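Remarks on the overall topology
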Amino acid sequence: MFITYIQCMNSADVVILGGGLAGLVAGIHLLKSGATVCLIEKDSYPRHRVCGEYLSNEVKPYLNFLGVDLQNTHVPELSRLEFSTAKGNLLECTLELGGLGISRYTLDHLFFQQFLKAGGKFMHTTAENCNFQNDEFLVNCKNGHSLKANFVIGAYGKRSNLDKNLDRGFINKRSAWIAVKAHYDHQRFPDDLVALHNFNGGYCGLSKTDLGTVNVCYLATYESFQKHGKIKDFEHKVLSENPYLNDFFRNSTLEFEKPLSIAQISFDSKTQVEDHILMIGDAAGLVHPLSGNGMAMAIRSAKLVSEALLKFELNPGYRTNIASTYIKSWKQNFSSRMRTGRILQKVLLHERMSDITQGILQRVPGLLPKIIKKTHGKEMHV
Ligand SMILES: Cc1cc2nc3c(=O)[nH]c(=O)nc-3n(C[C@H](O)[C@H](O)[C@H](O)COP(=O)(O)OP(=O)(O)OC[C@H]3O[C@@H](n4cnc5c(N)ncnc54)[C@H](O)[C@@H]3O)c2cc1C
């Protein structure tokens, strides 16, 4: 189903900027409590996105509450992790909590359908700016529409034109990271496996998806990538030095016309409230993808912001209390995970440290599951 444009109302209790996972989840949660919600998204559904597509099982109970049903999709259950260093030393462990191999093509679309079913209003356009004046917001859109709202949720992802308008600290700094993703056909790739293979200057995650394809997604430093310039050359000359990646690329066929890529990925700290806008998902802070948990965090932050708004009955008179309640719960839930992600990324991208760490993990078998646990949260119940 391709939805291109649905008329949004001129005002709402809550306007949500961005309809990725975080924005759609916050929308559904708030609609279930009777709020009026208008969501603005610049892209259409369904569409592929750059993502590792490993969704932690911690979100499962909350998906039931939201009414998002995965029963009719063939979602692989991911329960094993394989990790190799750039030289190809391999370590394996089972994933205690595990996750689902679900494409963003399917997942975002399911959430979008549920958002519409719950009565959400949708506008397919770019939000150009958002101004807070006289205790209310005015959002101006590229299609010429303006919307008034008591509350605005910023769910517009890692980097957006809106960050520039808000003059957020990270937006003017150049970031050293790029990411590439594509789906491949590979006959022998196991259904239950998440493979994480290091290469010089980055790491690559592979896992099966509901579409029957293998999702391949890697993060690399711009410095290592620019030496080769083209994705194909980079994969051939750098990624394929890892024997596991070499074997994969030799025995698989690209299912996309060409891989998707994004640049300027910033892992700098962000603020969770900016000019009264409540930020969720990647707009509130991007965890290192190595932790495999950004989607679950985006979903959980949407739950936290909805709970903070509903605790004070969406009353603008309690704006400050809502903001401080949300910031507090965000920090309680995510500060430690963000830290662990940062440390992991530093260690594993350093060739020598990565080898040493792997040696230690091999000698102490219970250590890797413990580290993985630190990057994940408890099951989400309402
Ligand atoms: C390389 C890589 C691999 C990853 N792998 C995993 C993984 O395996 N598992 C995991 O859990 N997480 C992973 N993540 C993290 C995960 O993808 C994100 O944390 C998650 O997508 C965040 O969701 P979001 O809703 O905040 O942002 P997004 O999903 O990016 O959604 C933001 C939306 O806002 C829209 N938008 C932006 N600006 C505007 C505007 N001005 N007006 C209207 N719309 C706008 C965009 O079009 C987009 O649809 C990975 C991230 C990277 C970079």
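Quick look at the structure, then. (Residues numbered from 1 in each chain as written. Predicted model: local features only at pLDDT ≥ 70, side-chain atom pairs only at ≥ 80, totals over all residues. Heavy atoms only, no water.)

1. Thoughts on the pairing of strand β12 (residues 202-208)
- The element β12 is extensively covered by neighbouring structure, given that 7 of its 7 residues are classed as buried.
- Burial along β12 is two-sided: Gly202, Cys204, Leu206 and Lys208 facing one way and Tyr203, Gly205 and Ser207 facing the other are all buried.
- What sits between the antiparallel neighbours strand β11 (residues 193-199) and β12 is a turn of 2 residues, in which Gly201 has the positive phi angle 100°.
- Note that β12 and strand β13 (residues 214-221) share 7 bridges and pair antiparallel. Paired with Leu206 across the bridge in β13 is Val216.
- Between β12 and β13, which follow one another and run antiparallel, lie 5 residues, and Gly212 among them has a positive phi close to 85°. (Buried < 20%, exposed > 50% of the residue type's maximum accessible area, 1.4 Å probe, protein only. Helix = DSSP H or I, 4+ residues; strand = E, 2+ residues; numbered from the N terminus. Pairing = 2+ DSSP bridges.)

2. Things to note about the environment of Asn315
- Mapped onto the elements of the fold, Asn315 is located in the loop between α8 (294-311) and α9 (319-349).
- Residues Asn315 and His183, 132 residues apart in the sequence, show an inter-C-alpha distance of 45 Å.
- Separated by 2.8 Å, the side chain of Asn315 and the backbone nitrogen of Gly317 make a polar contact. (Polar contact = N/O pair within 3.5 Å; in protein donor to acceptor, adjacent residues only side chain to side chain.)

3. Here's the deal with the packing of α8 against α9
- Where α8 contacts α9, the two axes come as close as 8 Å, and the packing angle between them is 155°. Considered as vectors, α8 and α9 are oriented roughly antiparallel to each other. Here α8 runs over α9; the crossing is right-handed. Facing Met297, Arg300, Ser301, Leu304, Val305, Ala308, Leu309 and Lys311 of α8, the residues of α9 in contact are Ile322, Thr325, Tyr326, Ser329, Trp330, Asn333, Phe334, Arg337 and Met338.
- Considered class by class, the residues forming the contact of α8 with α9 number 10 nonpolar, 4 polar and 3 charged. (Axes fitted to C-alpha atoms, helices over the stretch in contact; angles between N-to-C directions. Parallel < 35°, antiparallel > 145°, perpendicular 65-115°, else oblique. Left-handed = near helix turned anticlockwise from the far one by under 90°. Contact = heavy atoms within 4.5 Å. Nonpolar A, V, L, I, M, F, W, Y, C, P; charged D, E, K, R; others polar.)

4. Notes on α8
- Taking 1.5 Å of rise per residue, the 18 residues of α8 would be expected to cover 26 Å, and the 25 Å separating its terminal C-alpha atoms lies within 8% of that figure.
- Where burial is concerned, most of α8 is hidden: 14 out of the 18 residues are buried. (Expected span 1.5 Å × (residues − 1).)

5. A short note on the pairing of strand β5 (residues 90-101)
- Sheet topology note: the strand β3 (residues 54-56)/β5 ladder contains 3 bridges and is antiparallel. Counted as the bridge partner of Leu55 is Leu100 from β5.
- In terms of strand pairing, strand β4 (residues 77-84) meets β5 through 7 bridges, oriented antiparallel. Note on β5: the bridge partner recorded for Glu82 is Glu92.

6. Points about the nonpolar core
- Judged by nonpolar contacts, the single largest core of 78 residues is most densely connected at Val15, Leu17, Phe111 and Val139.
- Leave out the neighbours within four places in its chain, and Val15 touches Cys38, Ile40, Val139, Leu147, Lys148, Ala149, Phe151, Val152 and Ile153.
- Counting 25 residues, the second largest nonpolar core, distinct from the first, contains Cys217, Leu344, Val347 and Ile372. (Core = buried A, V, L, I, M, F, W, Y, C linked by side-chain atoms within 4.5 Å.)

7. Digging into the site of the ligand
- Contacts to the ligand come from 35 residues, most closely from Glu41, Gly52, Tyr54, Asp282 and Met295.
- Within the contact set of the ligand, an oxygen atom lies 2.9 Å away from a side-chain nitrogen or oxygen of Arg47.
- For the ligand, the accessible surface in isolation is 1,000 Å², of which the surrounding protein chains cover 96%.
- Breaking the shell around the ligand down by element, the ones donating at least two residues are α1 (21-32), β2 (37-41), α4 (161-166) and α8.
- No other element matches the 3 residues that α8 contributes to the shell around the ligand.
- Broken down by class, the residue content of the shell around the ligand amounts to 14 nonpolar, 13 polar and 8 charged. (Near = heavy atom within 4 Å. Areas by Shrake-Rupley, 256 points an atom, 1.4 Å probe, with all protein chains shown as cover.)

8. Some points on the pattern of salt bridges
- According to the stated counting rule, one finds 17 salt bridges in the structure shown.
- Between Arg47 and Glu41 there is a salt bridge, with its nearest N and O atoms 3.9 Å apart. Both residues of the pair, Arg47 and Glu41, count as buried.
- Residue Asp191 pairs with Lys208 through a salt bridge whose shortest N-O separation is 2.9 Å. In this pair, Asp191 is assigned in the loop between β10 (177-185) and β11 and Lys208 in strand β12, connecting sequence segments 17 residues apart.
- Taking relative accessible area as the criterion, Asp191 reaches 47% and is therefore assigned partly exposed.
- The structure contains a network of salt bridges with shared partners spanning Glu41, Arg47, Arg104 and Asp108. (Salt bridge = Lys/Arg side-chain N within 4 Å of Asp/Glu carboxyl O.)

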